[in-house]
Amino acid sequence: MALRFSKSKHNTKVILDGERWERRLQKELMSLIKEPPPGVVVDSDQGENLSLWTIKMRGAEGTLYEGENFTLQFKFSPKYPFDSPEVTFIGPNIPVHPHVYSNGHICLSILTDDWSPALSVQTVCLSIVSMLSSCKEKKRPPDNSFYVKTCNKNPKKTKWWYHDDTV
Amino acid sequence: METTNAPGPSKSGKDGEEKEENPLFECNICLDTAKDAVVSMCGHLFCWPCLHQWLETRPTRQLCPVCKAAIGKDKVIPLYGRGSNQQEDPRNKVPPRPAGQRSEPETNSGFPGFGFGDGGFHMSFGIGAFPFGFITSTFNPHDQRPSQAARGLPNEDEFISKMFLYVAITFIIWLLLA
Ligand SMILES: [Zn+2]
Ligand SMILES: [Zn+2]
């Protein structure tokens, strides 16, 4: 369970009041370390740049993903939190789930249409944990192979058609 | 992996202090103590610059970030704390905060007898007649002595002013009856 900032030199050109959003990200980091959602244990290895986070997540006990480890990547644009973060699974183990494509893209409405600046890394992690935990059958989305071949690298560019939430 | 290390330079001092502050008054968007605070009808607190920027982000779909209730520029109330000006961050002055609304109590018009419902013509005529009669009678005393002595027509000016007064009064009565 690791939360890590990339050390890339990519400088985000800030809008209006950049320091404020940087402070928000720092606050979010602190509260994530202090009160991580279940299944997310955070350890920090910080860099200069707060715009790229890597978060490790463990499949919750008693679910189909028990014992598995996943890595989530959060990319924050300079417009965060007005603009949703770009959240994808990365690394060798992408959870097999009806809302998770094999390239790591996640079909979750709060990551695009239903995003609100009152949401946070913490609430996004919680949603993803609960999305995994409620899964009853491990399978890829039905359109997985087509989507993965044709989609943009940025999942936010996808015009998602949100699957039934009960899955 | 250093767990205790602060992730940024502004971290250690400032955030330590903020932990002491009441999170009840933190803006739901920037997570800082709300500046130029406004509260929505659903009771959620924001900095006005933060909320303004969110409303601009999705102008066609303005929802409260917290509870998704309908929200808008005319649906928030500014909060004025005592001495709040001192805490204002000049960087956040960008869009003016919507002003507080204060309804004036109902007052009666100064000319109840004339009745606004009668229309503009009667009103302006009535106002015109009054000062005319008033001025004539007020200026009269200054004139009175010289004219009395020189012309021997002691009551002429007084008569004229009284005439005006009667005309004015008659007109007012006519207006009242009409
Ligand atoms: Zn704010
Ligand atoms: Zn609300």
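Residues numbered from 1 in each chain as written. Chains lettered and ligands numbered in written order. Predicted model: local features only at pLDDT ≥ 70, side-chain atom pairs only at ≥ 80, totals over all residues. Heavy atoms only, no water.

Digging into the overall build of chain B
- When helices and strands are tallied, chain B shows 4 helices and 3 strands.
- Taken from N to C terminus, the helices and strands of chain B fall in the order α-β-β-α-β-α-α.
- Out of the 178 residues in chain B, the part that is buried amounts to 29%.
- For chain B, the proportion of contacts with a sequence separation of at least 24, taken over those separated by at least 6, is 37%.
- Summed over all atoms, the accessible surface of chain B reaches about 12,300 Å², with 60% contributed by carbon and sulfur. (Helix = DSSP H or I, 4+ residues; strand = E, 2+ residues; numbered from the N terminus. Buried < 20%, exposed > 50% of the residue type's maximum accessible area, 1.4 Å probe, protein only. Contact = heavy atoms within 4.5 Å. Areas by Shrake-Rupley, 256 points an atom, 1.4 Å probe, with all protein chains shown as cover.)

Details of the coordination of the zinc ion (ligand 1)
Residues and elements named next belong to chain B.
- Summarising the metal site, the zinc ion (ligand 1) is bound by the protein donors Cys27 (SG), Cys30 (SG), Cys47 (SG) and Cys50 (SG), whose distances to it range over 2.3 to 2.4 Å.
- Seen from the zinc ion (ligand 1), its 4 donor atoms lie at angles of 106 to 113 degrees, and the figure they make is tetrahedral.
- The sequence pattern describing where the donors of the zinc ion (ligand 1) fall on their chain is C-x2-C-x16-C-x2-C. Pair noted here: cysteine 30 is in the loop between α1 (11-18) and β1 (37-40) and cysteine 50 is in helix α2 (residues 48-57), with a separation of 20 residues, a long-range link.
- Relative accessible area serves as the criterion here: at 1%, cysteine 30 is assigned to the buried category. (Donors = N, O, S within 2.8 Å, 3.2 Å for Na, K, Ca; no water. Tetrahedral: all angles 85-135°; square planar, octahedral: opposite > 155°, others 65-115°.)

Re the UniProt feature "transmembrane region" (unreviewed entry) in chain B
- The residues that UniProt annotates with the feature "transmembrane region" (unreviewed entry) are residues 121-139 and 159-177 of chain B.
- Helix makes up 100% of residues 159-177 of chain B and strand 0%, whereas the separation of the span's terminal C-alpha atoms amounts to 26 Å. (UniProt positions renumbered as here; feature names shortened; annotations may be inferred.)

A look at the sheet that holds β1 of chain B
Residues and elements named next belong to chain B.
- Taken in spatial order, the 3 strands of this open sheet run β2-β1-β3, and their pairing is antiparallel. Of all strands in the sheet, those with a lone pairing partner are β2 (45-47) and β3 (76-78), marking the two edges. Here the strands of the sheet are splayed against their neighbours by 35 degrees on average, with no regard to which way each runs.
- The strands touched by α2 within the sheet are β1, β2 and β3, with β2 carrying the most contacts at an inclination of about 90 degrees. (Pairing = 2+ DSSP bridges. Axes fitted to C-alpha atoms, helices over the stretch in contact; angles between N-to-C directions.)

With respect to the coordination of the zinc ion (ligand 2)
Residues and elements named next belong to chain B.
- Each protein donor to the zinc ion (ligand 2) is listed here as Cys42 (SG), His44 (ND1), Cys64 (SG) and Cys67 (SG); together their distances run 2.0 to 2.3 Å.
- The coordination sphere of the zinc ion (ligand 2) comprises 4 donor atoms, whose angles at the metal cover 100 to 118 degrees; the geometry is tetrahedral.
- Here the donor residues of the zinc ion (ligand 2) share one chain and are spaced in sequence as C-x1-H-x19-C-x2-C. Taken as a pair, histidine 44 in the loop between β1 and β2 and cysteine 67 in the loop between α2 and β3 lie far apart in primary sequence, 23 residues in all.
- Using a relative accessible area of 35% as the deciding quantity, one classes cysteine 67 as partly exposed.

Some words on the environment of tryptophan 53 of chain A
All names here are of chain A.
- Summarising the element assignment, tryptophan 53 is placed in strand β3 (residues 52-58).
- Residue tryptophan 53 is classed as buried on the basis of its relative accessible area of 0%.
- A polar atom in the side chain of tryptophan 53 sits 2.8 Å from the backbone oxygen of leucine 50. (Polar contact = N/O pair within 3.5 Å; in protein donor to acceptor, adjacent residues only side chain to side chain.)

Looking at the side chain of asparagine 154 of chain A
- One can find asparagine 154 of chain A in the segment after α3 (144-150).
- Setting aside residues no more than four positions away along its own chain, asparagine 154 of chain A makes contact with Glu86 and His105 of chain A.

Quick notes on the nonpolar core
- The biggest cluster of nonpolar side chains holds 33 residues, and the ones touching the most others in it are Trp53 and Phe74 of chain A.
- Where this core is concerned, the elements lending two or more residues are α1 (18-34), β3, β4 (69-75), β5 (86-90) and α2 (121-133) of chain A.
- In terms of residue count, α2 of chain A provides more of this core than any other element does, 7 residues in total.
- Within the second largest apolar cluster, 19 residues are counted, among which are Trp21 and Phe82 of chain A together with Ile29 and Ile71 of chain B. (Core = buried A, V, L, I, M, F, W, Y, C linked by side-chain atoms within 4.5 Å.)

Structural notes on the pattern of salt bridges
- Inspection of every chain in the model, using the stated rule, returns 9 salt bridges over all chains.
- With its nearest N and O atoms 3.4 Å apart, the salt bridge here joins aspartate 32 of chain B to arginine 23 of chain A. With aspartate 32 of chain B in the loop between α1 and β1 and arginine 23 of chain A in helix α1, this pair bridges two chains.
- Judged by its relative accessible area of 15%, arginine 23 of chain A falls in the buried class.
- Here glutamate 86 of chain A makes a salt bridge to lysine 75 of chain A, at a shortest N to O gap of 3.9 Å. Of this pair, glutamate 86 of chain A sits in strand β5 while lysine 75 of chain A sits in strand β4, and the two are 11 residues apart along the sequence.
- One salt-bridge network, in which partners are shared between bridges, spans Arg23 and Lys27 of chain A together with Glu26 and Asp32 of chain B. (Salt bridge = Lys/Arg side-chain N within 4 Å of Asp/Glu carboxyl O.)

Considerations on the pairing of β3 of chain A
Residue and element names in this part refer to chain A.
- Taking burial as the measure, the 7 residues of β3 include 5 buried ones, the bulk of the element.
- Strand direction decides the pairing type here: β3 and β4, joined by 7 bridges, are antiparallel. Pairing of lysine 56 across the sheet is with threonine 71, part of β4.

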